[in-house]
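Listed here are the chains, written in short residue letters.
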Amino acid sequence: MIEKIKWLSSLEKVFPDREPEGGFADLKKMPSFLEGEVFSLQFAFLTSCEAEGWAEVGLSGLFAEYAAVREVCPMPSRNPGRVLVDSREEENTQAEEDTSAKAQTPAAETAGAKNCPPGLYPDLLRELKGGRVKLYPGQWHSLWITVACGREKSDRRAKALSCELPYGIHKLEITVKPEEGEPVRECLELELIKAALPEQTLIHTEWFHADCLADYYRVEPWSEEHWRITESFLNHYGEMGMNMVLVPVLTPPLDTAVGRERTTVQLTDIREEGEGRYSFGFDRVKRYVELCGKAGIRYLEISHLFTQWGACAAPKVMVWRGDTQIRRFGWDTPSDGSEYLGFLEQFLKALTGKLTEWGWEGRAFFHLSDEPGEDVLERYNFLRGKVAGWIAPYPIMDALSDYSFYESGAVDRAVPNMEKLPLFAEKGASPLWTYYCGCHGHGTPNRYFAMPHCQIRVLGVLLYYYGADGFLHWGYNFYNSQYSLEHINPYAVTDAGGAFPSGDSFLVYPGEDGRPEDSLRMLLMLEAMQDMRALQLLEGLWGRERVTELIRREAGGQLSTIKWPRESAFLAGLREKVNEAVREWAHMV
């Protein structure tokens, strides 16, 4: 029934129709991890052509108490994205491509990249039903195992991480017992190193779309059921290393077609008291940020005060006028109009007063407009001049990649795309932030279904290398098509209706009973953040210069946001070197 098996790292993809590359058997040293780290690995197996039914899965050994196992489920993708290839593969690919098709593709897009075919890509991590996994004949299956050992009682995840397991080498054994045929038992030795990951210093936000939760689960926004679901997702959000979250004080004007609107999730209760005068209720805002604090989220980003890509209009603002709630401002409201600016002045002064009262001063940031271009610099500067005085001392941050825009002083914290990160770092931008999304080149890190896992996880090394203070992405759970023209089921449509490469718009799936289900990309993002923390731990022992030299050496001498080794061996080897150095230090103290 089970013909082949393989222990694999998290850096390998397991497709149903082919044997996965690599494996722990190829490593010179056994896998190791640090205290407080969530360590991921895979157990892959090939079933015979006669296989059917289910198999029971069990873990044993000293690590088993601190381990969890989930099934890696292939998910559908019509648009899995493009990936870089090496020169030899590129030559073969180009020789096979149709000349007319190449003529329609810009040269910059063709060089060193290829389209990946539509199909099923490993992504969803699903809990086993009754401890069993479904067997499909003649296919490779993968089980994703996480091991978490920690002793930090102050950590909100202490219950999950706390353990009394001795440091050192211990066994993890897995048993896969088909209904028919012989069971398979395999053992792997892992090492828990006597050193703890330091606390995460990077500010990490993935835009949290509260409306998408209400839409997918078909519940009334901010009903008690919506609050329950939101809390479940916020708790997961904090556990996975995101420590800044978007707060929809107004319905966020993000990815919304001109003239259209998204489901209202405005937290602020606004009432019109007379001509140009408003009163504000912040009870729901307070409840939301308190949930964030309980989830371990330390920073807030206030939703955008003007529309995306130019700040030309106001976001949707719902206001009570007597007993009726109306849309008071929206696409038909000029951003620089006196009516909206008059409202904003009152609103922002009241909101910042509450944020300060609740203890968020120094930990909350405001957005004006997402991705403004140089062509709207004059308007943006005008709006900034108004808003900055109303929110002081709270800073303004926005995603923008034109350095001259940042240099003009229009924004306190610029968030450039990763292709521009080296420029902003060279110019001394501080604090130094970055982001990526589906519209950027294929050479930077990203999270598409098609990308090798190393291209997702390398983010942490690059953020450390450039000394980044923050990372932003737009899609923790965006379950709409582009421009929010329709809602989607992310289990069936993984590419936002064909607009973006699969995986760009969400990291988690909306599971049963309002609970998020992880993607393997979410776990790789967590590993990326852990890599950064491990490098910071080593920096405390070696100094930054020596650590960056180690990274360059392991990378072959050259490293940038678009140039880094495209093999899993780079990251695996680097972490092995880091863990080895930390282990040596731990043995001396």
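Remember, predicted model here, so these are calculated numbers, not experimental data. (Residues numbered from 1 in each chain as written. Predicted model: local features only at pLDDT ≥ 70, side-chain atom pairs only at ≥ 80, totals over all residues. Heavy atoms only, no water.)

Draft legend 1. Representation of the pattern of salt bridges in the model. Taken as a whole and judged by the stated rule, the model has 28 salt bridges. Note that D518 is salt-bridged to R70, the shortest N-O span being 2.8 Å. Placement of D518 in strand 26 (residues 516-518) and of R70 in strand 5 (residues 67-77) is noted, with a sequence separation of 448 residues between them. For the residue pair D518 and R70, the accessibility class agrees, reading buried in each case. (Salt bridge = Lys/Arg side-chain N within 4 Å of Asp/Glu carboxyl O. Helix = DSSP H or I, 4+ residues; strand = E, 2+ residues; numbered from the N terminus. Buried < 20%, exposed > 50% of the residue type's maximum accessible area, 1.4 Å probe, protein only.)

Draft legend 2. Fine view of the nonpolar core. The biggest cluster of nonpolar side chains holds 159 residues, and the ones touching the most others in it are V245, Y288, Y340, L344, L355 and V387. Element by element, the count of residues in this core is highest for helix 14 (residues 520-542), at 13 residues. If we ignore the near neighbours within four places in the chain, the residues touching Y340 are L250, L305, F306, A314, P315, V317, F329, T333, P334 and S335. (Core = buried A, V, L, I, M, F, W, Y, C linked by side-chain atoms within 4.5 Å. Contact = heavy atoms within 4.5 Å.)

Draft legend 3. Focus on the pairing of strand 10 (residues 140-148). Among the nine residues of strand 10, nine are classified as buried, and the element is accordingly described as predominantly covered. Burial along strand 10 is two-sided: W140, S142, W144, T146 and A148 and H141, L143, I145 and V147, pointing in opposite directions, are all buried. With nine bridges connecting them, strand 3 (residues 38-47) and strand 10 associate as antiparallel partners. Following the sheet pairing, L46 is matched in strand 10 by W140. Two elements, strand 5 and strand 10, share five bridges in a ladder whose sense is antiparallel. Within the sheet, the bridge partner assigned to R70 lies in strand 10 and is W144. (Pairing = 2+ DSSP bridges.)

Draft legend 4. The arrangement of a nonpolar patch on the surface in detail. A surface patch of nonpolar side chains, amounting to about 420 Å² of accessible area, comprises L541, W585, M588 and V589. Checked against the element boundaries, V589 lands in the segment after helix 16 (568-588). (Patch = residues over 30% accessible without salt bridge, like charges linked within 9 Å, V, L, I, M, F, W, Y side chains within 5 Å. Areas by Shrake-Rupley, 256 points an atom, 1.4 Å probe, with all protein chains shown as cover.)

Draft legend 5. Expanded view of unusual backbone geometry. Here A392 and P393 are connected by a cis peptide whose omega angle stands at 10°. Within the secondary structure, P393 sits in the loop between helix 9 (377-391) and strand 21 (397-399). The omega torsion of the bond from S430 to P431 falls at -10°, within 30 degrees of zero and hence cis. Within the secondary structure, P431 is located in the loop between helix 11 (421-426) and strand 23 (433-435). Positive phi, close to 45°, is recorded for D255, a residue that is not glycine. Its place among the elements puts D255 in the loop between strand 14 (244-247) and strand 15 (269-274). If you check the backbone angles, W309 has positive phi at about 60° while not being a glycine. The topology assignment puts W309 in the loop between strand 17 (299-302) and strand 18 (317-321). Classification of W309 as partly exposed rests on a relative accessible area of 41%.

Draft legend 6. Fine view of the packing of helix 13 (residues 459-466) against helix 14. One can describe the packing of helix 13 onto helix 14 by two numbers: an axis separation of 7 Å at closest approach and a directional angle of 40°. Judged by the angle between their axes, helix 13 and helix 14 are oblique. When you trace helix 13 past helix 14, the crossing you get is right-handed. Here L459, G460, V461, L463 and Y464 of helix 13 lie close against helix 14, whose contacting residues are M525, A528, M529, M532, L535, Q536 and E539. Here the residues of the contact of helix 13 with helix 14 are counted per class, giving nine nonpolar, two polar and one charged. (Axes fitted to C-alpha atoms, helices over the stretch in contact; angles between N-to-C directions. Parallel < 35°, antiparallel > 145°, perpendicular 65-115°, else oblique. Left-handed = near helix turned anticlockwise from the far one by under 90°. Nonpolar A, V, L, I, M, F, W, Y, C, P; charged D, E, K, R; others polar.)

Draft legend 7. Representation of the packing of aromatic side chains in the model. In this structure the tally under the stated criterion is 37 aromatic pairs. Taking the centre distance of 5.1 Å and the plane angle of 85° together, the rings of Y216 and Y217 count as edge-to-face. Summarising the aromatic geometry, the rings of Y403 and F424 are spaced 5.0 Å apart at their centres and angled 75° between planes, so their arrangement reads as edge-to-face. With Y403 in helix 10 (residues 403-407) and F424 in helix 11, the pair connects residues that are 21 residues apart, well separated along the chain. For the pair Y403 and F424, one class covers both residues: buried. Among the aromatic side chains, those forming a connected cluster through ring pairs are Y278, F280, F282, F306, F329, Y340, F343 and F347. (Phe/Tyr/Trp six-rings, centres within 6.5 Å; stacked < 30°, edge-to-face > 60°.)

Draft legend 8. How the structure looks around the sheet that holds strand 1 (residues 2-9). If you trace the five strands from one edge of the open sheet to the other, you get 1-3-10-5-8, paired in antiparallel fashion. Of all strands in the sheet, those bounded by a partner on one side alone are strand 1 and strand 8 (119-127). Averaged over all pairs of adjacent strands, the angle between their axes in this sheet comes to 30°, without regard to strand direction. Where strand 5 and strand 8 come together, eight bridges link them in antiparallel fashion. Within strand 8, the position partnered with S77 by the bridge is G119.

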